[in-house]
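Each chain, letter by letter, is given below.
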Amino acid sequence: MEIDKLIQHWTDVTNLTKALQQDEIGNLHVGGIESAMQTLLPTTMRLFHEQKPRISCQFTVGNTDALSQAIIKKELEFAICGEPSDSLPFFFEPLYQEKMTIVVDRSHPLLERNHVTFRELLHYPIISGGPTCLYYSQITKLLSHYEVTLPHFHTINQISAIPHFAKGTLAVGFVLDSTPLIPEVVRIDVAWDEPVIPIGILMLRGQHTAPFSHKQLFLQLLKKGVTSS
């Protein structure tokens, strides 16, 4: 009899826990780079809200450096970004890869050529993401392989703004393949080994994510969204 009561007690506790999980109230603080904020995170939020309507999501956009610092300060629970240069405090789970592309104004003289080499780009001003952007170190390392004096090397820490700065100029803009373009600029085909940048889930190392929690659900939906896209 006592065993039956104990079993029933734990059954009731389990059922109550499930009920509370379905009706959780709270906040989820998530960070993401610009490209993740455009499609991946909005889609995940819509699916998440169907199951957890009483959980509010607070999203913060930033580059990998800023997001990693926010995680250390515990302002964010996790972020979708690249792997920071100082990765020791973090656990990073790669989800997909971002490629780079090169954009120029529609009237740029390079568009008249059928074959453009990377070296030819160096005769024009370059606009790149800043030192805290995902690909900055890869670009500067690549540039160091050429004995060419650049006319200008401009940096902007908001990658989505680069097409606006390239518009109406002879500049060559380095952006991510997912960066939205404005009508005045186009991608240019260049013979080069474009850098590939891993994007994934970044959180503090050793951080516990309870099973069946709203955080775990969001991460599951996020991963499902990546695999189905």
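These notes cover the structure that comes with them. All values reported here derive from a predicted model rather than from experimental measurement.

### Side note on the overall build of the chain
- Check the secondary structure of the chain and you find 8 helices and 9 strands.
- Residue burial in the chain is summarised as follows: out of 229 residues, 43% are buried.
- Pairs at least 24 residues apart make up 77% of the contacts formed inside the chain by residues separated by at least 6 positions.
- Split by element, the accessible area of the chain, about 13000 Å² in all, is 54% carbon and sulfur.

### Thoughts on the nonpolar core
- Membership of the largest hydrophobic core comes to 66 residues, with the highest contact counts inside it found for Phe78, Ile80, Phe118, Leu121, Tyr135, Phe174 and Trp192.
- A per-element tally of this core places strand β4 (residues 90–105) first, with 7 residues.

### Digging into the layout of surface pockets
- As a volume, the largest pocket reaches approximately 370 Å³.
- Contributing elements (two or more residues each) for the lining of the largest pocket: α4 (64–72), α6 (136–143) and β9 (196–204).
- Residue contributions to the lining of the largest pocket peak at 5 residues, all from α4.
- Class assignment for the residues of the lining of the largest pocket results in 9 nonpolar, 8 polar and 3 charged.
- Looking at the second largest pocket, its volume works out to about 260 Å³.
- Every residue lining the second largest pocket is counted, 19 residues in all, and those nearest its centre are Glu34, Gly62, Asn63, Asn157 and Ile159.
- With 3 residues, helix α2 (residues 34–38) is the single largest residue contributor to the lining of the second largest pocket.
- Residue composition of the lining of the second largest pocket, by class: 7 nonpolar, 11 polar and 1 charged.

### Let's talk about the packing of helix α3 (residues 40–51) against helix α8 (residues 214–228)
- Running from N to C, α3 and α8 point in directions that differ by 130°, and their axes come no closer than 9 Å. Between α3 and α8, the angle falls in the class oblique. Note that α3 runs across α8; the crossing there is right-handed. Residue-level inspection shows Leu40, Leu41, Thr44, Met45, Leu47, Phe48 and Gln51 of α3 in contact with α8, the latter providing His214, Leu217, Phe218, Leu221, Leu222, Gly225 and Val226.

### Some remarks on the environment of aspartate 193
- Locating aspartate 193 in the fold gives a position in the loop between β8 (185–187) and β9.
- C-alpha separation for the pair aspartate 193 and methionine 100, spaced 93 residues apart in sequence, amounts to 9.6 Å.

Cut-offs and rules
Residues numbered from 1 in each chain as written. Predicted model: local features only at pLDDT ≥ 70, side-chain atom pairs only at ≥ 80, totals over all residues. Heavy atoms only, no water. Helix = DSSP H or I, 4+ residues; strand = E, 2+ residues; numbered from the N terminus. Buried < 20%, exposed > 50% of the residue type's maximum accessible area, 1.4 Å probe, protein only. Contact = heavy atoms within 4.5 Å. Areas by Shrake-Rupley, 256 points an atom, 1.4 Å probe, with all protein chains shown as cover. Core = buried A, V, L, I, M, F, W, Y, C linked by side-chain atoms within 4.5 Å. 1 Å grid on protein atoms, 1.4 Å probe; cavity = no way out; pocket = protein on both sides within 12 Å on 5 of 7 lines; lining within 4 Å. Points joined across faces, edges and corners; volume = space filled by probe spheres on them. Nonpolar A, V, L, I, M, F, W, Y, C, P; charged D, E, K, R; others polar. Axes fitted to C-alpha atoms, helices over the stretch in contact; angles between N-to-C directions. Parallel < 35°, antiparallel > 145°, perpendicular 65-115°, else oblique. Left-handed = near helix turned anticlockwise from the far one by under 90°.

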